[in-house]
Amino acid sequence: MKEKFKVTPWEVSGKVDYDKLIKEFGVSKIDESLLKRIEKHAGEHFMLKRNVFFAHRDLNWLLDEYEKGNKFFLYTGRAPSGPIHLGHLLPWIFTKWLQDKFGVELWFQFPDEEKVLIKNDITFEDTKRYLYENMLDVIALGFDPKKTHFIIDTKHADIMYKEACKVAKKITFSMVKASFGLNEQSNIGSIFYTSMQAVPAFLPSIIKGKKIPCLIPHAIDQDPHFRLTRDIMPKINQYKPASIQCSFLPPLSSADGKMSSSESQTSILTTDSPKEVEKKIKKYAFSGGKDTIDEHRKKGGNPDIDVSFQYLRMFFELDDKKLKKIEDDYKSGKLLTSELKEILIKKINDFLVEHQRKREKAKKEIDKFIFKTK
Ligand code: TRP
């Protein structure tokens, strides 16, 4: 029997079936011709070629507009509610690439009320602390401060609230209920929240006084927000935002879920030390290898269910040839799980040492990124 899975913006559980999600959510697969079209403007990106970013809405329309000289802006975000792990960084790294290649602005939302409203155990004191910490991780990725604007819901409420109300007016409770897993007992803040997440998709258009196309790179669980946003936008005379969607970086414990910072043993945080990374990978990274070395040498391992291999594929091994060799050697039994893990540990630690250095530097740069209303 197939295991049930669930994907909403506030809950991901079970073994995620991405093909099924594409149908359920009504998003489109990124096909060869779209891939070529993106490549024509931006070149190749391994996350596109390897299907890490696998689905979209209206990307062809967005590129039509772009080719006509109608530049888009990027929009993505993070609800501060805990430390940042590698899974969070994945779509942001891709977003930074888009910003560089297309030379466009990025609006980065920090909805610091979202998890206060949704989760029982998160307070505004928590989100304040994590807002600061999370901003450091975003800045550390190297976004262009001249083209990147942080908007923080409670701080920028003066420019956001009115726009959110325009959206909220067009949404009924029954429209949000099913796709967000809400019910009669849900607090009314959680019912309203999606209208705040809709705002950055058209706020730049309001500020500039003309309609500007928007592209939202995000993990597929956020799609219900933007499906709804897209329904509403024409009703308030705005463009529907386009989106490009990625799958989840799996937790250490299994290759088919979503990394979560509330389970620190199965996630790798951006602040983890090299020792911690080594320990976590060795102890917890689910292996597609065989039980004994003898058996592994004979029958080989399965990279598809091997978390270490998946991290290399989705995030850390940019070189296709090297990745292919690792895959082949693992399948043939030439490469052992312990050796595969060593490759990954080194990659992660090289990345994190650099990231942590930039994260320190970011402490002086926060102010440059926060959007100034005046
Ligand atoms: N809801 C997202 C989270 O839980 C935060 C978010 C706000 C977001 N706006 C976004 C994510 C746009 C992706 C794209 O972290």
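**Q** Honestly, the packing of aromatic side chains in this entry has me stumped. Any pointers?
**A** The geometry of an aromatic ring pair comes down to the distance between the two centres and the angle between the two planes. By the definition in use, this model includes 21 aromatic pairs. Where Phe110 meets Phe150, the ring centres are 5.0 Å apart and the plane angle is 70°; that geometry is what we call edge-to-face. With a gap of 40 residues between them, Phe110 in strand β6 (residues 106–110) and Phe150 in strand β7 (residues 148–152) connect regions that are remote in the sequence. Relative accessible area serves as the criterion here: at 0%, Phe110 is assigned to the buried category. Three or more aromatic residues link up through ring pairs in this structure, and these residues are Trp92, Phe108, Phe110, Phe150 and Phe369. In this structure, Lys211 packs its charged tip against the face of Tyr239, placed 5.1 Å from the ring centre.

**Q** Teacher, can you tell me more about the packing of helix α7 (residues 124–140) against helix α17 (residues 337–362) here?
**A** Relative orientation and spacing of two packed helices are given, respectively, by the angle between their axes and the distance between those axes. Between α7 and α17, the shortest axis-to-axis distance is 8 Å and the interhelical angle comes to 115°. Pair α7 / α17 crosses with right-handed handedness. Side by side, α7 and α17 meet where Glu133, Leu136, Asp137, Ile139 and Ala140 of the first sit next to His355, Lys358, Arg359 and Ala362 of the second. Within the contact of α7 with α17, the residues separate by chemical class into 4 nonpolar, 1 polar and 4 charged.

Reading the values: rules and limits
- Residues numbered from 1 in each chain as written.
- Predicted model: local features only at pLDDT ≥ 70, side-chain atom pairs only at ≥ 80, totals over all residues.
- Heavy atoms only, no water.
- Phe/Tyr/Trp six-rings, centres within 6.5 Å; stacked < 30°, edge-to-face > 60°.
- Helix = DSSP H or I, 4+ residues; strand = E, 2+ residues; numbered from the N terminus.
- Buried < 20%, exposed > 50% of the residue type's maximum accessible area, 1.4 Å probe, protein only.
- Lys NZ or Arg CZ within 6 Å of the ring centre and 35° of its normal.
- Axes fitted to C-alpha atoms, helices over the stretch in contact; angles between N-to-C directions.
- Left-handed = near helix turned anticlockwise from the far one by under 90°.
- Contact = heavy atoms within 4.5 Å.
- Nonpolar A, V, L, I, M, F, W, Y, C, P; charged D, E, K, R; others polar.

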